[in-house]
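Residue-level listing of the chains:
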Amino acid sequence: MKDYVNWAILAPGRIAQKMAAAMNGEANSAQSKIRLYAVGSRNLERSKEFAAKWNFQKAYGSYEELYTDPEVDAIYIANPHAFHMDCVLAALNAGKHVLCEKPAGCSREQLDKMISLAKSKNLFFMEAMWTAFNPCIAEIRKAIKDGIIGDVTNIDSRFTNRNPYDPNDRNYAPDQAGGALLDLGIYNIYFAMMISNFSPIVSRSSQVRMLKGVDAWNGVNLTFENGIVTSFQSAMDTPSTTGTHDAVIYGTKGFITIVNFFMTEQADIHVYKHKDEGSDNEIAREIRCPFKTNGYEYELIHATDFILQGKIESDIHTFKKSEDLCSIMDSLRADWGMKYPWEK
Ligand SMILES: NC(=O)c1ccc[n+]([C@@H]2O[C@H](COP(=O)([O-])OP(=O)(O)OC[C@H]3O[C@@H](n4cnc5c(N)ncnc54)[C@H](OP(=O)(O)O)[C@@H]3O)[C@@H](O)[C@H]2O)c1
């Protein structure tokens, strides 16, 4: 029985650089269960360059070679969303465990196929929703449970960037499942789901501004069954004026400000000075949880441990949580009449 996982990276682009840094950070310790094994790209030169930079043993010029290499145990899939399903299904069919970038599926239909194949093949599969493993968010949830801000009432968040319009960029290309919701809004929704203890969503309202087939900007309100309301905006054509992407969790006794909520290392807990009125407050606690490497290591360690234990599903970012997240994005897109080319 192996006590390590030979990891492969499929599609060495922007996010793969971050994961490779996290993998290197972990692989360097003597007891590490993480081995940097292979890289697969459609372009052999890109693969070789990436493998050399990040210390992978093998560089392949196709994804198929990752699937057929018997030494590959698990594949981290990091291409744009629209290509996830084919790669996940191919990897699982080849007997590989899979960690797939978010959103794993562009729709419930796609996600359901992946989960069902992982179950039938008895292989680990997880959407790489790294915020589920964020230590600062775990501290925030604990503080809320301890009652420091009373009952949570609202969660506000913004994740907006102003990207140059490029019809070939995955963010703006409908055939690559572009749009702000699946790229950025997914974090706003999942953050609110975590803070609301995964209470079911019972109502929603939203507005959208479309640009050439994808949502360039959206503003969404969701109500959870436990009464908590979240309001968020995600956008690709609207800058963040603060340079960060922040969230506020309001409660009956105070509020929590979170810097860069989707990759947070820093939050401040404020409590009101007067019970029923006014906004005078003081900071009761500063939460500071610096990442070990860059924040991607936590999901990687979790996936590695679960693979070695022979489990097929995370107990933190479960199949059900991926499914619920995907379903709400499906519902919002349906409200906007937004379909990807293959859905028409
Ligand atoms: N967790 C996070 O914090 C985070 C952050 C950013 C992105 N993501 C997710 O990671 C995924 C990739 O995002 P990214 O920004 O890293 O993407 P990217 O750099 O644009 O592309 C990544 C790789 O995907 C392949 N690719 C790119 N365009 C393609 C196309 N038109 N057709 C087929 N393959 C293509 C290429 O792989 P080859 O080398 O094989 O050609 C490329 O190197 C997305 O699903 C995104 O949501 C997650």
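Structure: see above.
Keep in mind that what you see is a predicted model, and the values were worked out from it rather than measured. (Residues numbered from 1 in each chain as written. Predicted model: local features only at pLDDT ≥ 70, side-chain atom pairs only at ≥ 80, totals over all residues. Heavy atoms only, no water.)

**Student:** Could you clarify how one ought to interpret the overall build of the chain in this entry?
**Tutor:** The secondary structure content of the chain amounts to nine helices and 14 strands. For the chain, the C-alpha atoms occupy an extent of roughly 65 × 50 × 35 Å along the three principal directions. On the chain, roughly 14900 Å² of surface is accessible, and the fraction owed to carbon and sulfur atoms is 48%. Across the chain, the centroid of the 37 positively charged side chains sits 2 Å from that of the 43 negatively charged ones. (Helix = DSSP H or I, 4+ residues; strand = E, 2+ residues; numbered from the N terminus. Areas by Shrake-Rupley, 256 points an atom, 1.4 Å probe, with all protein chains shown as cover. Lys, Arg positive; Asp, Glu negative; His and termini not counted. Charge placed at Lys NZ, Arg CZ, Asp CG, Glu CD.)

**Student:** What's the story with helix 7 (residues 180-195) in this structure? I'm lost.
**Tutor:** Residues separated by three or four positions in an α-helix point in the same direction, a consequence of the helix having 3.6 residues per turn. For helix 7, which comprises 16 residues, the first-to-last C-alpha distance of 22 Å matches the rise-based estimate of 22 Å (1.5 Å per residue) to within 8%. Roughly 40° is the biggest bend found in helix 7, and it falls at Ile186. The buried count for helix 7 comes to 16 of 16 residues, which makes it a mostly enclosed element. Phi turns positive one or two residues past the end of helix 7, at Asn197, with a value near 55°. (Expected span 1.5 Å × (residues − 1). Bend = angle between axes of the 7 residues up to and from the residue. Buried < 20%, exposed > 50% of the residue type's maximum accessible area, 1.4 Å probe, protein only.)

**Student:** Which parts of the structure should I look at to understand the site of the ligand?
**Tutor:** As a matter of local geometry, the ligand sits amid 23 residues, with Ser41, Arg46, Tyr63, Lys102 and Tyr296 nearest to it. Between a nitrogen atom of the ligand and a side-chain N or O atom of Gln176, the distance comes to 3.4 Å. When isolated, the ligand has an accessible area of 900 Å², and the protein chains bury 84% of it. At a threshold of 2 Å from the grid points, most atoms of the ligand map onto the largest pocket. Going through the elements one at a time, helix 1 (14-27) and helix 7 are the ones with two or more residues in the shell around the ligand. Residue composition of the shell around the ligand, by class: 10 nonpolar, six polar and seven charged. Residues lining the shell around the ligand come from more than one domain, with at least three contributed by each of domain 1 (5-131 + 295-313) and domain 2 (135-288 + 326-343). (Near = heavy atom within 4 Å. Polar contact = N/O pair within 3.5 Å; in protein donor to acceptor, adjacent residues only side chain to side chain. 1 Å grid on protein atoms, 1.4 Å probe; cavity = no way out; pocket = protein on both sides within 12 Å on 5 of 7 lines; lining within 4 Å. Sits in = over half its atoms within 2 Å of the grid points. Nonpolar A, V, L, I, M, F, W, Y, C, P; charged D, E, K, R; others polar. Domains from an automatic or database assignment.)

**Student:** How do you make sense of the layout of surface pockets when you look at a structure like this?
**Tutor:** The probe, sized like a water molecule, is rolled over the atoms to show the empty space still left. Estimated volume of the largest pocket: approximately 1100 Å³. Taken together, 36 residues make up the lining of the largest pocket; nearest its centre are Gly13, Arg14, Ile15, Ala78 and Arg170. Domain assignment of the residues forming the lining of the largest pocket places at least three in each of domain 1 (5-131 + 295-313) and domain 2 (135-288 + 326-343). (Points joined across faces, edges and corners; volume = space filled by probe spheres on them.)

**Student:** When you look at the sheet that holds strand 13 (residues 266-272) in this model, what are you seeing that I'm missing?
**Tutor:** Pairing between the strands of a sheet comes from backbone hydrogen bonds, and it takes one of two forms, parallel or antiparallel. Strands sit in the order 8-9-10-7-11-12-13-14 across an open sheet of eight strands; the sheet is mixed. Of all strands in the sheet, those with a lone pairing partner are strand 8 (201-211) and strand 14 (281-288), marking the two edges. Pairs of neighbouring strands in the sheet enclose a mean axial angle of 10°, with direction left out of account. As defined by bridge partners, strand 13 adjoins strand 14 across seven bridges and the pair is classed as antiparallel. Directly across from Gln266, in strand 14, lies its bridge partner Arg288. The strands that helix 6 (residues 135-145) touches are strand 7 (152-160), strand 11 (247-251), strand 12 (254-259), strand 13 and strand 14; relative to strand 14, the one it contacts most, it runs at about 140°. On the sheet, helix 7 packs against strand 7, strand 9 (214-224), strand 10 (229-235), strand 11 and strand 12 and is oriented at approximately 160° with respect to strand 10. (Pairing = 2+ DSSP bridges. Axes fitted to C-alpha atoms, helices over the stretch in contact; angles between N-to-C directions. Contact = heavy atoms within 4.5 Å.)

**Student:** How should I be thinking about the pattern of salt bridges in this particular structure?
**Tutor:** Side-chain pairing between opposite charges can occur once the charged atoms of the two side chains come close. One pass over the full model with this rule turns up 16 salt bridges. In this structure, Lys292 engages Glu26 in a salt bridge whose closest nitrogen and oxygen atoms are separated by 3.1 Å. Taken together, the positions of Lys292 in the loop between strand 14 and helix 8 (297-308) and Glu26 in helix 1 put the pair 266 residues apart, joining distant regions of the chain. Note on Lys292: relative accessible area 56%, which makes it exposed. Taking relative accessible area as the criterion, Glu26 reaches 11% and is therefore assigned buried. With a shortest N-O distance of 3.0 Å, Asp268 and Arg288 are connected by a salt bridge. Of the two residues, Asp268 is situated in strand 13 and Arg288 in strand 14; the sequence distance between them amounts to 20 residues. What emerges from the salt-bridge pattern is a single network uniting Lys102, Arg170 and Asp183. (Salt bridge = Lys/Arg side-chain N within 4 Å of Asp/Glu carboxyl O.)

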